[in-house]
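# Examining the three-dimensional arrangement
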Amino acid sequence: MFRFLVIRGVGAATTAHRKAFSSFNIARSFSSLPFATLEAEEISGSKPAEVHNLVQGKWTGSAKWNTIVDPLNGEPFIKVADVDVTGIQPFVESLSNCPKHGLHNPFKSPERYLMLADVSVKAAHMLSLPDVSDFFTRLIQRVSPKSYQQAFGEVYVTRKFLENFTGDQVRFLARSFAVPGNHLGQQSHGFRWPYGPVAIITPFNFPLEIPVLQLMGALYMGNKPLLKVDSKVSIVMDQMLRLLHCCGLPAEDVDFINSDGKTMNKLLLEANPRMTLFTGSSRVAEKLAVDLKGRIKLEDAGFDWKILGPDVQEEDYVAWVCDQDAYACSGQKCSAQSMLFIHENWSNTSLISKLKDLAERRKLEDLTIGPVLTFTTDSMLEHMNKLLEISGSELLFGGQPLENHSIPSIYGALKPTAIYIPLEEIMKEKNYELVTKEIFGPFQIITDYKGDQLPMVLDALERMHAHLTAAVVSNDPLFLQEVIGKSVNGTTYAGLRARTTGAPQNHWFGPAGDPRGAGIGTPEAIKLVWSCHREIIYDFGPVPRHWEIPPST
């Protein structure tokens, strides 16, 4: 399908990644990548990139173009074809044309299960090519600045997910079961059934991984999705959809829109998708749940916690994981460590000083710390100052703006920050809501607890509203049993190496404790979010010989 020229080198990849890619044959088409409409490194104010919409199989522009500024220097560098309320009708019609029984199901067009598996294997292969992997890694860095390793991890997880759903694995998602009936000729069969027209709304912080995993899950189960990604980063999915088309995905299977929230809300109300997947803020999630009358799955915000248990060991490793969980991607992960509970046995260690040292080695030059896209510097500092008014609170490190940068003021630029607050103060009614406010940036609360205060810690967890990820760092089985048995978080890591972030594609990632909760990545997640149960009862007979009409009942 593609014509490639084998060359050496990995473009702009780092030395470490050159070594990592050394086992691959590196391919490049004669005219750059066969799907790409841009070069990630060349996007600038003088050469802005363009993001288009996709509807009814055609890429389209718009009468209105929204300008995205470079988060590192404020330069206008991406033009997005922005659809307003007057332009939603083609998208409404496209979704409305998809029947409730979907593009395919176990009784209709089953060859599409195989087609999508073929698309997955080709797309996974494309992402395994160092040129393609580096292209998406660099593109992610341009719009959602994070270190090369963090951005590359997003591409890697996406590739491994696609590899998981090749061959027969897509049709295995629709595996049915049968139960014997009451008489000869009767059987009940349970099937996984698509919703048909669906919508997907995803945030800025994982511009490739989240939309691809949810989009492909929706397609695998037979749905027709309308995809909306935060416009600040939608250029990544613009390019990924083009890659999927190159790999055989019919252009009509997915619609892709760029719009503001008000326009998208109106579109959803008019198109009336049978199910909407929303990943993002809790405030918007709750509004959509009402507007869409509950036809929604949510993977919303998370104020995620980590508990260090009584068994102190591997201090350097635990400190490093805590730093990664709190500050990688500048803390802009829904799984980021928001609150750290430290058992008193850790008090005589140098854990806090090691956390401080690890945080202070992060720098803007390699994007191990960078712009915060949903909170300004002033808003984070204002929140910090309110916390420092609490009795016994203390700034452990950070708490200052980044220096010597050109990050525009619409975004935040804060040094990795940690604030200590006594557990007793956290639990006071007047403080709890303030302390557990999620700051989507490099910001965490640290507290400590005595052995007999574990019930108070568990009460703090019980009072939280979002239950996404958590970590219990201990190899003490009785301690683990106590904490896990009295907590809720949907993705919980337990043991010495427990973390809150860095979920791969091989386990469920999503909240628990909410019937609207959405998972991502695994067959269980795909089936839960993107299909419903349908029971078909076959009853062929025969009717018993000499059967007569019985009395009315």
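First, a word on what this report is: a plain description of the structure on this page. Sequence order as written defines residue numbering, which begins from 1 separately in each chain. This being a predicted model, a pLDDT of at least 70 is required before a residue's local features are given, and a value of 80 or more before pairs of side-chain atoms are given or counted; all residues contribute to the totals for chains, interfaces and linings. Excluded from the side-chain calculations are hydrogens and water; all other atoms, namely the structure's heavy atoms, are used.

Below, the discussion takes up the pattern of salt bridges. A pairing counts as a salt bridge when a side-chain nitrogen of Lys or Arg comes within 4 Å of a carboxyl oxygen of Asp or Glu. Under the defined criterion, the tally for this structure stands at 29 salt bridges. Asp-168 is the partner of Arg-171 in a salt bridge, and the nearest nitrogen-oxygen pair spans 2.6 Å. Given a relative accessible area of 33%, Asp-168 falls into the partly exposed group. Here Lys-354 and Glu-315 are joined by a salt bridge, their closest N and O atoms 3.4 Å apart. Partly exposed describes any residue whose relative accessible area lies between the buried limit of under 20% and the exposed limit of over 50%, with all areas from a 1.4 Å probe on protein chains only and scaled to the type maximum.

The criterion for strand pairing is that DSSP finds at least two bridges linking the strands in question. Comment: elements are numbered from the N terminus, with helices defined as DSSP H or I runs of at least four residues and strands as E runs of at least two. Across the sheet, which stays open at both edges, the three strands sit in the order β8-β9-β22 with antiparallel pairing between neighbours. Edge positions in the open sheet fall to β8 (177–180) and β22 (532–539), since each of these has one partner strand only. In this sheet, neighbouring strand axes are inclined to one another by 20 degrees on average, regardless of whether the strands run parallel or antiparallel. The pairing of β8 with strand β9 (residues 186–193) spans four bridges and is classified as antiparallel. The residue bridging Phe-177 from the neighbouring strand is Gly-190, located in β9. Structural elements are reduced to axes, namely lines fitted to C-alpha atoms, with helices fitted over the stretch in contact, and the angle between N-to-C directions of any two is expressed from 0 to 180 degrees.

Glancing now at unusual backbone geometry. Note the cis peptide between Gly-541 and Pro-542, where omega equals 15 degrees. Residue placement: Pro-542 occurs in the segment after β22. Despite not being glycine, Ser-109 shows a phi value in the positive range, around 50 degrees. Ser-109 sits in the partly exposed class, given a relative accessible area of 25%. For Asn-272, which is not glycine, the phi dihedral falls at a positive 55 degrees. Taking relative accessible area as the criterion, Asn-272 reaches 35% and is therefore assigned partly exposed.

Here a pair means two rings of Phe, Tyr or Trp (six-membered ring of Trp) with centres within 6.5 Å. Their orientation is stacked below 30 degrees between planes, edge-to-face above 60, and tilted elsewhere. In total, this model carries 15 aromatic pairs according to the counting rule given. Seen in terms of ring centroids, Phe-161 and Tyr-220 are 6.3 Å apart; in terms of plane orientation they differ by 25 degrees. Their pairing is stacked. With Phe-161 in helix α5 (residues 148–164) and Tyr-220 in helix α7 (residues 209–220), the pair connects residues that are 59 residues apart, well separated along the chain. Through pairs of rings, three or more aromatic residues link up here, namely Phe-35, Phe-135 and Phe-136.

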